[in-house]
Amino acid sequence: MEFRQLKTFLTVVKLASFTKAANELGYAQSSVTGQIQLLEEEFGTMLFERLGKQIKLTKDGENLFNYASQILTLSDEAKAVITDSFTPKGSLTIGTAESLCLHRLPEVFNTFRQEYPQVGINLYFDTGGDYRTLLRKNAIDIVFFLDVPCNEKDLITHVLFEETMSVIAPPGHRLAQERSISPRDLTGEPLVLTSPGCTYRGILESILTQSGVKPSSIMGVSSNEVIKRFVSDGWGIGFLPQIVVQQELLSGQLVDLPWEGPAFGITAQLIYHKDKWQSPALKAFIAMVLQSFKTETAQLS
């Protein structure tokens, strides 16, 4: 059993794909398959169930995942202690939302790259993903995401700012002339929302359900750009962070409906596991983010 094999194993688990793991690691797919087979031969068990093109960890695979994560974490710690431990280097895997990455984080990433050129950044996008689970599995290092404030004992949360949300419609929509709208105004309306599992879609759906509101239909779309286009074309009412639709609001392609319903309470947050070993790169990144947003962060535990 080699560290290289364990890293390959963890990458396959993270991406749920031998092909994607090969691309990320720069290996031929046959090399990834061979490394996994060597691990299975050494342990005398199957680590993955292969169902067509889909793979799933077996129980033995789940057990190895927990140990492999700890082994590689300890290995990284040892390298940092023995070698130049005060110089940020290596890589960071950051989970985030498309809207935050495009509209809130470019300046942070640019500054970080200039100051710490030896640190590689890997971005992980998944609108329907459970980032908390990925943090607990040590599959990602840190997360920026939009949600109601996280308050879980094993996670450290820095609330950065409240994200203003917009209920959007095309200019000619019947609700565009209203002075205010409430959840009941969306009764029978088609909605164009982000994919199921997206945090702020869930918040809007919860508000509508609590108000007894049933839309005529909901279209789930994984791309903000497509949502904006479909709403502009009259496919339905949308719901996105205001910063994502600023240009379309200014140009008149979309209108921001005057929402007077319950507050959405959606905040941008920086989250990492309380037991996560903070490498020099991770420490530097956290410090830069907090400084960039100039926030008196509340650490929830």
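If you're wondering where the values come from, they're calculated on a predicted model, not measured in any experiment.

Reading the values: rules and limits
- Just so you know, the residues in each chain are numbered from 1, in the order the chain's sequence is written.
- Local features in a predicted model are, by the rule used here, given only for residues with pLDDT of at least 70; side-chain atom pairs are given and counted only at 80 or more, and totals for whole chains, interfaces and linings are based on all residues.
- Based on all heavy atoms of the structure, the side-chain values leave hydrogens and waters out of the count.
- Under the DSSP-based scheme used, a helix requires at least four consecutive residues in state H or I and a strand at least two consecutive residues in state E, with every element numbered from the N terminus.
- For the exposure calls, accessible area comes from a 1.4 Å probe over protein chains only, and a residue counts as buried if that area is under 20% of its type's maximum, exposed if over 50%, partly exposed in between.
- Working rule for contacts: check all heavy atoms of both residues, and any pair within 4.5 Å makes them a contact.
- Under the convention used here, a 1.4 Å probe and the Shrake-Rupley method define accessible areas, while residue burial counts only the protein chains that appear.
- The predictor attaches a confidence to each residue, called pLDDT, with possible values from 0 through 100.
- Salt bridge, as used here, is a side-chain nitrogen of Lys or Arg placed within 4 Å of a carboxyl oxygen of Asp or Glu.
- Relevant arc is that of directions from the helix axis to the C-beta atoms, nothing else.
- The term polar contact refers here to a pair of N or O atoms within 3.5 Å; inside protein, the definition further demands a hydrogen-donor-capable atom paired with an acceptor-capable atom, and it admits residues adjacent in sequence only when both atoms are side-chain atoms.
- Here, nonpolar core refers to any group of buried Ala, Val, Leu, Ile, Met, Phe, Trp, Tyr and Cys residues whose side-chain atoms link them within 4.5 Å.
- Whenever a helix is involved, its axis is fitted only over the stretch in contact; in every case the axis is a line through C-alpha atoms, and angles between N-to-C directions fall within 0 to 180 degrees.
- Should an angle fall under 35 degrees it is taken as roughly parallel, and over 145 as roughly antiparallel, whereas 65 to 115 is taken as roughly perpendicular and any remaining angle as oblique.
- Two helices cross in a left-handed way if the nearer one is turned anticlockwise from the farther one by less than a right angle. They cross in a right-handed way if the turn is clockwise.
- Residue type decides the class: Asp, Glu, Lys and Arg count as charged, Ala, Val, Leu, Ile, Met, Phe, Trp, Tyr, Cys and Pro as nonpolar, and the leftover types, Gly among them, as polar.
- Classification of ring pairs uses Phe, Tyr and Trp, with its six-membered ring standing for Trp, and accepts pairs whose centres are within 6.5 Å; under 30 degrees between planes counts as stacked, over 60 as edge-to-face, and the remaining range as tilted.

Colleague: Quick question: what am I supposed to make of the overall build of the protein chain here?
Modeller: Within the protein chain, the secondary structure is distributed over 11 helices and 13 strands. A buried classification covers 44% of the 301 residues belonging to the protein chain. Considering only contacts in the protein chain between residues 6 or more positions apart, those separated by 24 or more positions represent 74%. When the accessible area of the protein chain is evaluated, it comes to approximately 15,600 Å², of which 50% is carbon and sulfur surface.

Colleague: Whenever I open this one, the confidence of the model for the protein chain confuses me. Can you help?
Modeller: Close reading of the predicted structure is inappropriate where its pLDDT is low. Across the protein chain, the average pLDDT comes to 89, with 95% of residues at or above 70. Scored below 50 in pLDDT, residues 295–301 makes 23 contacts in the model with residues more than four places away or belonging to other chains.

Colleague: Whenever I open this one, the environment of F230 confuses me. Can you help?
Modeller: Looking at the secondary structure, you find F230 in helix α9 (residues 224–232). With 50 residues separating them along the chain, F230 and P280 place their C-alpha atoms 44 Å apart. Not counting chain neighbours up to four residues away, the residues in contact with F230 comprise V192, M219, V221, W235 and G236.

Colleague: I tried to follow the pattern of salt bridges on my own but got confused; where do I start?
Modeller: Side chains carrying opposite charge are able to pair once their charged atoms draw close together. Under the criterion given, the structure shown has 16 salt bridges. Between E40 and R50 there is a salt bridge, and its shortest N-O distance comes to 3.5 Å. In this pair, E40 sits in helix α3 (residues 29–43) while R50 sits in strand β1 (residues 48–51), placing the two residues 10 residues apart along the sequence. For E40, a relative accessible area of 9% gives the class buried. The exposure class assigned to R50 is partly exposed, which follows from its relative accessible area of 38%. One salt bridge in this structure joins E189 and R174, with 2.9 Å as the shortest N-O distance. Note that E189 is positioned in the loop between β7 (165–169) and β8 (190–194) and R174 in the loop between β7 and β8, a separation of 15 residues in sequence. On the accessibility criterion, E189 (9% relative accessible area) is buried. A single salt-bridge network, built from bridges that share partners, covers R132, R136, D147, E152 and D154.

Colleague: For this particular structure, what's the right way to read helix α2 (residues 18–25)?
Modeller: Helical geometry note: an α-helix holds 3.6 residues per turn, so side chains three or four residues apart project in the same direction. Turning to α2, its buried residues are F18, A21 and A22. One face of α2 carries all of its buried residues, which in axial projection span an arc of 100°. Residues of α2 that are exposed and point over 90 degrees away from its buried face: K20 and N23. Elements in contact with the buried residues of α2: α1 (3–15), α3, β1 and β2 (54–57). Capping the start of α2, S17 holds a side-chain oxygen 3.2 Å from the backbone nitrogen of T19, two or three residues further along.

Colleague: Hey, could you run me through the nonpolar core in this one?
Modeller: The nonpolar side chains of soluble globular proteins are, as a tendency, buried together. Core analysis: the biggest nonpolar cluster contains 57 residues, and F144, F239, F264 and F285 have the highest contact counts within it. The dominant element in this core, judged by the number of residues it contributes, is helix α11 (residues 280–293), at 8 residues. Discounting residues that sit within four places of it in the chain, F285 has contacts with L92, I94, V108, F109, F112, I142 and F144. L10, F48, I55 and F65 belong to the second-largest nonpolar core, a separate cluster that totals 19 residues.

Colleague: Sorry, what's going on with the packing of α1 against α2 here?
Modeller: Think of two packed helices as two axes; the pair is described by the angle between the axes and how far apart they sit. At a closest axis distance of 8 Å, the pairing of α1 and α2 adopts a crossing angle of 125°. Put simply, α1 runs oblique to α2. Where α1 crosses over α2, the handedness of that crossing is right-handed. Taken together, the residues of α2 that come into contact with α1 (itself represented by K7, T8, T11, V12, K14 and L15) are F18, K20, A21, E24 and L25. Of the residues assigned to the contact of α1 with α2, the class counts are 5 nonpolar, 2 polar and 4 charged.

Colleague: Looking at this model, I keep getting lost on the packing of aromatic side chains. Mind explaining?
Modeller: Two numbers describe a pair of aromatic rings. These are the distance of the centres and the angle of the planes. Under the criterion given, the structure shown has 13 aromatic pairs. Each ring, one from F9 and one from F48, has its centre 5.6 Å from the other, and the planes form 55°; the classification is tilted. With F9 in helix α1 and F48 in strand β1, this pair connects stretches of sequence that are 39 residues apart. F48 carries the same exposure label as F9, and that label is buried. Judged by centre distance (5.3 Å) and plane angle (40°), the ring pair of F161 and F293 falls under tilted. With F161 in strand β6 (residues 155–162) and F293 in helix α11, this pair connects stretches of sequence that are 132 residues apart.

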